[in-house]
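# Structure at a glance
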Amino acid sequence: QAAKSTRMVVIAGVPDGLLHNEVMADILMIHFQMARNNGGDVEEVTYPTGKKGVAYVTFEDEEVVENVLKKDEHRLEDKRLSRSYPLKVTRYCENVRAFIIHLPVLPLLGY
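Residues numbered from 1 in each chain as written. Predicted model: local features only at pLDDT ≥ 70, side-chain atom pairs only at ≥ 80, totals over all residues. Heavy atoms only, no water.

### Looking at the confidence of the model for the protein chain
- Scored by pLDDT, the protein chain has a mean of 88; 83% of the residues are at 70 or more.
- The secondary structure element of the protein chain with the lowest average pLDDT is helix α3 (residues 92-102), at 54, and the one with the highest is helix α1 (residues 21-33), at 98.
- Here residues 96-106 is modelled with pLDDT under 50, and outside its nearest four sequence neighbours on either side it reaches seven contacts, counting other chains as well. (pLDDT = per-residue confidence, 0-100. Helix = DSSP H or I, 4+ residues; strand = E, 2+ residues; numbered from the N terminus. Contact = heavy atoms within 4.5 Å.)

### A few points about the environment of Y47
- Along the chain, Y47 turns up in the loop between β2 (42-46) and β3 (54-59).
- Classification of Y47 by relative accessible area gives buried; the value is 11%.
- Put simply, Y47 and V14 are 33 residues apart on the chain and 9.4 Å apart in space, counted from C-alpha to C-alpha.
- Once you skip the residues sitting within four places of it in the chain, Y47 turns out to touch V14, P15, D16, N21, M24, A25, L28, V54 and A55.
- One polar contact links Y47 to D16, side chain to side chain, over a distance of 3.3 Å. (Buried < 20%, exposed > 50% of the residue type's maximum accessible area, 1.4 Å probe, protein only. Polar contact = N/O pair within 3.5 Å; in protein donor to acceptor, adjacent residues only side chain to side chain.)

### Some points on the nonpolar core
- By size, the foremost hydrophobic cluster in this structure holds 22 residues, and its most contacted members are I11, L28, F32 and F59.
- Listed by contribution, the elements that provide at least two residues to this core are β1 (8-12), α1, β2, β3, α2 (62-70) and β5 (85-91).
- In terms of residue count, α1 provides more of this core than any other element does, five residues in total.
- I11 has contacts with L28, F32, G53, V54, A55, V57, L87, K88 and V89, leaving out every residue within four places of it along the chain.
- M8, V10, Y56 and Y92 belong to the second largest nonpolar core, which has five residues in total. (Core = buried A, V, L, I, M, F, W, Y, C linked by side-chain atoms within 4.5 Å.)

### Things to note about the side chain of H74
- Of note, H74 is situated in strand β4 (residues 74-76).
- Polar contacts involving the side chain of H74 include one to the main-chain carbonyl oxygen of V68, which spans 3.0 Å.

Below is the structure:
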């Protein structure tokens, strides 16, 4: 199985404070499992995160990440939401991991 970071995407634009966190995580899981959203088997949804309106979705398979990123537009729709919400989906390993790895190094460099 591929490294977890390569099987993850970052989801921005998650409507904040409308529903219980567990319910929102469930809605996100359903969205990213649906074939019409180019989804697949979801291993884990991390929500809430330290950033407002951001979730992390980990798929069972790295190929699903590529398919999800190819979809032009993701709109979060569910009967528990009053309207649909556009989501921004980006690759996890490029932006977040680099930030996490380099941050602890800064004090050692004398900044």
